[in-house]
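# Remarks on the overall topology
Spelled out, the chains give:
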Amino acid sequence: MGLAGLGLAGCGVRARGQALGVARGDGPADGLGEVARARGITFGTAVQGELLGQDPLYAAAVATEAQLLVPEWEAKWDALQPREGEFDLGPLGVVAEFARAQRKQLRGHALVWHQAMPDWLAPALAEGATRARGVLAAHIQAVLGATQPVIRDWDVVNEVLANPPGSRFTAQTPARGVFRDTPWLRALGPDYIDLALRLARERDPTLRLTINDYGLEGDTPWAEQKRQAMLALVRALLQARCPLDAVGLQAHLQVDEPFRPEPLAGFIQGLRGMGLAVLITELDCRESANLPPGLEARDAAVAAYVQQVVGTALAAGCRTVLTWGLSDRDSWLIRDPDVSRRDGQQHRGHPLDAAFRRKAMWQALARSFAGG
Ligand code: G3I
């Protein structure tokens, strides 16, 4: 495949040399990225390339608030290799060009996942292990080769663990033991995780390789089971000398999920004790109908919950915090019926409101970064 690397020049978003304006709203001119950087923390957010190119308010908020960007969908298999052997780096190139022009870091998400699979992929995997290994190797080789100049950090495998049954907070998932039953698991067994990590390391020895998952933060029996499963998986991979550098906690929080610092802190310290970095990769916070009405009360509840979790993670050694979008307006929490509110209200789970004004969650993150 003749990938000449990210063709940034042809991506339709001209590099904007001038700094974009500061996002609207009160508070210091410095964004969360600057507040975080002052304490050795990297703050960033998921972005959509089309919004970066079409919406100046969105682009300005990203430029002001984030140090690191992660493509919300443009680096996934369905965007990058929609047909076998045909790669499309256009949408990712739009994000990469913005990151270059605004001097932001860029991380990749996600090389192997059971969602965002193009139509041809699952049937190919079902043909057997040899075919599956070939497809996986070709994708990783091509994508890491093309993105090597601009992405130094990838979620290599995403959501490989099943959700423990019975949880009130995460949906039931098909499972084979502790693993999520996916086309990858059915084709290759759990070894697909080790294989993907080894292929990534072989292709680019200096990349940071991350396993990313959700439902790991709460003080519930189910979250604890999933934390123990992640610790066991990581321990087994490292004992097998499988390359792995970090674990990503997606942190799609839910304001009514019980939380105590100790279980999360112990989990992060356990991962850190194995030599791994720990990142918060997709932070946002769903509300519940139990919250008192009124935006101020809802925002305060979300902010307090987020500050507890982020503060705990930072105190335990986490040094990267990424939200899954900056503004309530563009959130999957509103688009996705599986998580959106059913009472006619819309989640307010992001640092900025729908008009890109800073909310209580913005202040809570700033306090967390400042050590508050
Ligand atoms: O593919 C089209 C593209 O051609 C079109 O130009 C563009 C216009 O906006 O939209 C693209 O469509 C959708 C895209 O979101 C943008 O909205 C995709 O069809 C849709 O599948 C994609 O959904 C994303 C989803 O992952 C699947 O990739 C969501 O935005 C994204 O928020 C969600 O993120 C996941 C993480 O990767 C993993 N953790 C959970 C999180 C939420 O589900």
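All values derive from a computational prediction rather than experimental measurement. (Residues numbered from 1 in each chain as written. Predicted model: local features only at pLDDT ≥ 70, side-chain atom pairs only at ≥ 80, totals over all residues. Heavy atoms only, no water.)

Okay, the layout of surface pockets next. Space inside the largest pocket adds up to approximately 1,100 Å³. What lines the largest pocket is a set of 43 residues, and nearest its centre among them are Arg286, Trp332, Asp336, Asp338 and Val339. Mapped onto the lining of the largest pocket, the elements with two or more residues apiece are strand 10 (252-254), strand 11 (277-286) and helix 13 (332-335). Its residues assigned to classes, the lining of the largest pocket comprises 10 nonpolar, 16 polar and 17 charged. Residue assignment for the lining of the second largest pocket shows that the elements contributing at least two residues are helix 1 (32-37) and helix 3 (56-65). The residue inventory of the lining of the second largest pocket, partitioned by class, reads three nonpolar, five polar and six charged. (1 Å grid on protein atoms, 1.4 Å probe; cavity = no way out; pocket = protein on both sides within 12 Å on 5 of 7 lines; lining within 4 Å. Points joined across faces, edges and corners; volume = space filled by probe spheres on them. Helix = DSSP H or I, 4+ residues; strand = E, 2+ residues; numbered from the N terminus. Nonpolar A, V, L, I, M, F, W, Y, C, P; charged D, E, K, R; others polar.)

All told, the structure shown has seven aromatic pairs when counted by the stated rule. With 6.4 Å between their ring centres and 65° between their planes, Trp77 and Trp120 make a pair best called edge-to-face. Of this pair, Trp77 sits in helix 4 (residues 77-80) while Trp120 sits in the loop between strand 4 (108-112) and helix 6 (121-125), placing them 43 residues apart in sequence. One exposure class covers both Trp77 and Trp120, and it is buried. (Phe/Tyr/Trp six-rings, centres within 6.5 Å; stacked < 30°, edge-to-face > 60°. Buried < 20%, exposed > 50% of the residue type's maximum accessible area, 1.4 Å probe, protein only.)

Another aspect to go through is the site of the ligand. Not every one of the 16 residues close to the ligand is listed here, only the nearest: Glu50, Glu72, Lys76, His109 and Glu282. For the ligand, an oxygen atom lies 2.5 Å from a polar atom in the side chain of Glu72. Protein chains bury 65% of the 780 Å² of accessible surface belonging to the ligand in isolation. The residue makeup of the shell around the ligand, split by class, is five nonpolar, five polar and six charged. (Near = heavy atom within 4 Å. Polar contact = N/O pair within 3.5 Å; in protein donor to acceptor, adjacent residues only side chain to side chain. Areas by Shrake-Rupley, 256 points an atom, 1.4 Å probe, with all protein chains shown as cover.)

With six of its six residues buried, strand 5 (residues 153-158) lies for the most part within the structure. With three bridges joining them, strand 4 and strand 5 adopt parallel strand pairing. For His109, the partnering residue across the bridge sits in strand 5 and is Asp155. Across five bridges, the pairing between strand 5 and strand 8 (residues 208-213) is parallel. (Pairing = 2+ DSSP bridges.)

That's the geometry; what it means functionally is another story.
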